[in-house]
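# What the coordinates show
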Amino acid sequence: MKRLTQRALTLATAASLLALTAGGAVAQDKRTIAVSIPAATHGWTGGVVYHAEQAEKEIEAAFPNIDVIVKTSPSATAQVSALEDLSAGQTLDALVILPFTSEELTGPVEQVKSNGTYIAVVDRGLTDPTIQDLYVAGDNIAVGANTAKWMAEKLGGEGKVVVLRGIPTVIDDERIQGFTDVMKDTNIEILDIQYANWNQDEAFSLMQDYLAKYPHIDAVWANDDDMLLGVLEAVKQSGRTEIKYALGGNGMKDVIEMVKAGDPVTPISTPYPPSMIKSAIYMTAAQFSGQAPMRGNFKLDAPLITPENADQFYFPDSPF
Amino acid sequence: MTSVTTEIAGAPRRIRWADMGPFIALALVVLIGTLINTNFATGTNIANVVTRSAFIAIIAVGATFVISSGCLDLSVGSMMAFVTGVMILTMNRLEPTMGANAILVGAGFGLIVGALCGLLNGLIVTVGKIEPFIATLGTMGIFRALITWMSDGGSIPIDRALRDPYRPVYFGNVLGIPLPVVVTLAVVLVGAFILYRTKYGRRCMAAGSNADVARFSGVSVARVRTTAFVIQGLCVAIAAICYIPRLGAATPTTGQLWELQVITAVVIGGTLLRGGKGRIWGTVAGALILEVIANLMVLSNMVSEYLVAAVQGVIIILAMLAHRFIK
């Protein structure tokens, strides 16, 4: 019995060795790009998954020598395991990762890098920026600041606004900071800023409460389009007409449709596009396929989405 | 069961006081609200708050059955999202052929789906003999994953043609009373009747207070508990019917963490978490207390936005302590 297991073990080792060398040989001409992203648990991550899968199809069709593997993970720990699984099974030429959290993923990504893998980090940076070869992210401060500038200009520099913020995270803090910093230099009074956790239902309730609390509101900023939909429903129900503008952010397709239709209350949005994962995958592919140098930081701007340019930001098939 | 009967025979006066606990707490919260903010007691605000609490209240009526029969259902929030998703998809599919009637058929289908979801939970617990906490934790994940899958992580919006005919179900009113409140009242009345006036209600308490004793006295504990889960599923579906017209969409975050609010409402209302004692009207008071506290947190400027959840937690614990002392 013992001898049998031993023999089986040797066989297995031999087989895996063989597989390893074979894998190595293939890797010479075939490049593997692994993409590790959060699972679709809400609108924005749903968009990330959609665009990653889109990019996978397009890249594989355009460059037959590149193999893209997309893995989604529901939590930070699951993402760490996914990284281990990905790098255990094959040699990765590149890893494109949207980390769940910066702290927990830094070590595991460093581990992957030690095998010579090219690392592209998207959206949330790692705590040690020297690990990444490429960093692609949106500009959350600009999301807040650009919205604030537009709003301040349209309100003529004075008025009363209420703000709904998301889940306590760096992303949320930066947006709020960008917004409040711009508003400080105007005569616009921010009446209230409360959390609604990027949730439509909570935004609906919070807006109802704002409407009960403040007899006069000139404009509302929900720092995410999901929340904006809840806000609009609450305003509609209240029948209040003094609210001139209700703005969101992120570029959700329902809101882009409103922008395209020239909605008087929501005439603009600001992008923080989930499609930034696609930018990162394309740039990584360029690094390997055309040897176009793609090392460095790439910060996406947050230009206003207006009826004129809305088509560029509109993805009717995306879930977001 | 024994404890309930002896208590009733022993000291009816004191029990009545203890039963008043949740209502006193509600009155207190409302009083404080009126004192600290002038906007609180306005008609629109009260109407908003009461209407908003309808979902939790309706689901919590079902949870009162499940909990008093000695079980627990953690899946209600996810189930609510799932049923909402299924209903919207059904209505959208039927709209081209049936027009606005699709809402009625969709709602009916939602009730069936809700009941089946409840039945599934019930059978896993009773036939599978798995702890309700674990069983419903499992189905909680399943329902949540299904709605995420159905929506690709995005949202499932209802057909535009159905939005207007469906809208009154949340925003409309009967003689000035918002429709969701009317629905809640109906659910509560039926629930109270079943729990207090029928044989099934007494069996529910018996199964929850001591399952073995109940079994020996000829009560089929398994059947009682399975039925409680089905009632829970129906309540979830009723809540879903009122919920859809509010925002007109189901998303993967719909109903998130509602199970905790529901359980809190039930327990604040005086139902024992370990079973054997159910208080339907108390449950409604519990749901209202939660919503009023949340409303006050926004209306008053006293609490930093970062500490809102902490203050809510303190108030809930204080309410429970007060309850204990009144006893």
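Each chain carries its own residue numbering, running from 1 in the direction its sequence is written. Whichever chain is written first becomes A and whichever ligand is written first becomes 1, with later ones labelled in order. Where totals are concerned, whole chains, interfaces and linings use all residues; where local detail is concerned, this predicted model gives features only for residues with pLDDT of at least 70, and gives and counts side-chain atom pairs only at 80 or more.

### Digging into the interface of chain A and chain B
This is how it is decided: C-beta atoms are placed from the backbone for every residue, and two residues are taken to be in contact when these atoms lie within 7 Å. For helices the rule is a DSSP run of H or I covering at least 4 residues; for strands it is a run of E covering at least 2, with both sets numbered from the N terminus onward. Side-chain classes follow a simple rule in which Ala, Val, Leu, Ile, Met, Phe, Trp, Tyr, Cys and Pro form the nonpolar group, Asp, Glu, Lys and Arg form the charged group, and the remainder, Gly included, forms the polar group.
With 27 residues of chain A at the interface, the matching set in chain B holds 22 residues. Within the residue set of the side of chain A that touches chain B, elements represented by two or more residues are helix H2 (43–62), strand S7 (187–195), helix H7 (200–213) and helix H8 (225–238) of chain A. No other element matches H7 of chain A, which puts nine residues into the side of chain A that touches chain B. Along the lines of polarity and charge, the residues of the side of chain A that touches chain B split into 11 nonpolar, 12 polar and four charged.

### What to know about the confidence of the model for chain B
All names here are of chain B. As a reminder, the rule being used: On a scale of 0 to 100, pLDDT captures the predictor's confidence in every residue.
Residues of chain B with pLDDT of at least 70 account for 94%, and the chain-wide mean is 88. Note on residues 1–13: pLDDT under 50 across the span, and 13 contacts to partners over four residues away in sequence or across chains. In the model output, the complex is listed with pTM 0.78 alongside ipTM 0.74.

### Looking at the sheet that holds strand S3 (residues 94–97) of chain A
Residues and elements named next belong to chain A. Basically, it comes down to this: Strand pairing requires that DSSP identify at least two bridges connecting the strands. Fitted lines through C-alpha atoms serve as axes, helices being fitted only where they are in contact, and the angles separating the N-to-C directions of these axes extend from 0 to 180 degrees.
If you walk across this open sheet you meet the six strands as S2-S1-S3-S4-S5-S10, and the pairing is parallel. Strands at the two margins of the open sheet, each flanked by one partner only, are strand S2 (66–73) and strand S10 (296–299). The mean angle between the axes of side-by-side strands here comes to 15°, regardless of whether they run parallel or antiparallel. Here four bridges tie strand S5 (residues 134–137) to S10, and the two strands are oriented parallel to one another. If you follow Val136 over to S10, its bridge partner there is Phe298. Where H2 meets the sheet, it contacts strand S1 (31–38) and S2, and its direction lies at approximately 165° from that of S2.

### Topic: the nonpolar core
Short version of the rule: Each nonpolar core comprises buried Ala, Val, Leu, Ile, Met, Phe, Trp, Tyr and Cys residues, the members being joined through C-beta atoms within 7 Å. Put simply, a residue is buried when 20 or more other C-beta atoms lie within 10 Å of its own C-beta and exposed when 12 or fewer do; between those, it is partly exposed, and each C-beta is set from the backbone. Note: domain ranges come from an automatic or database domain assignment.
In this structure, Val231 and Ile281 of chain A together with Ile58, Ile59, Val83 and Ala239 of chain B are the most contacted members of the largest nonpolar core, which totals 188 residues. Top contributing element to this core by residue count: helix H13 (residues 221–247) of chain B, with 18 residues. Two domains each put at least three residues into this core: domain 1 (24–138 + 274–300) and domain 2 (140–260) of chain A. Once residues lying within four places of it in the same chain are set aside, the contact partners of Ile59 of chain B are Val76, Met80, Cys235, Val236, Ala239, Trp258 and Val262 of chain B.

### Here's the deal with the confidence of the model for chain A
Residues and elements named next belong to chain A. For chain A, the average pLDDT comes to 86, and 91% of its residues sit at 70 or higher. Ranking the helices and strands of chain A by mean pLDDT puts strand S8 (residues 219–222) first, with 96, and helix H1 (residues 2–27) last, with 47. Of the regions scoring below 50 in pLDDT, residues 14–28 engages in four contacts with residues more than four places distant in sequence or in other chains.

### Some words on the UniProt feature "domain: Periplasmic binding protein" (unreviewed entry) in chain A
This is how it is decided: UniProt positions are given in the numbering used here, feature names are shortened, and annotations may be inferred rather than shown by experiment.
UniProt's feature table lists "domain: Periplasmic binding protein" (unreviewed entry) at residues 33–291 of chain A, given in the numbering used throughout. Structurally, residues 33–291 of chain A comprises 49% helix and 20% strand, and the distance from its first C-alpha atom to its last is 15 Å.

### Considerations on the packing of helix H11 (residues 199–209) of chain B against H13 of chain B
All names here are of chain B. What counts is decided by this rule: Orientation categories follow fixed angle ranges, with anything under 35 degrees roughly parallel, anything over 145 roughly antiparallel, 65 to 115 roughly perpendicular, and all other angles oblique.
Across the interface, H11 lies against H13 with an axial gap of 10 Å and an inter-helix angle of 110°. As judged from the angle between their axes, H11 and H13 are roughly perpendicular. When H11 is examined against H13, the residues Tyr200, Arg203, Cys204 and Ala207 are found in contact with a partner set consisting of Val221, Val224, Arg225, Thr227 and Ala228.

### Considerations on the sheet that holds S7 of chain A
Residue and element names in this part refer to chain A. Ordered by their spatial adjacency, four strands build an open sheet running S7-S6-S8-S9, and the pairing between neighbours is parallel. In the strand order of this sheet, the two ends are held by S7 and strand S9 (245–247), each with one partner. Across this sheet, the average inter-strand angle for adjacent strands is 15°, counted without regard to direction. The pairing of strand S6 (residues 158–165) with S7 spans eight bridges and is parallel. Paired with Arg165 across the bridge in S7 is Tyr195.

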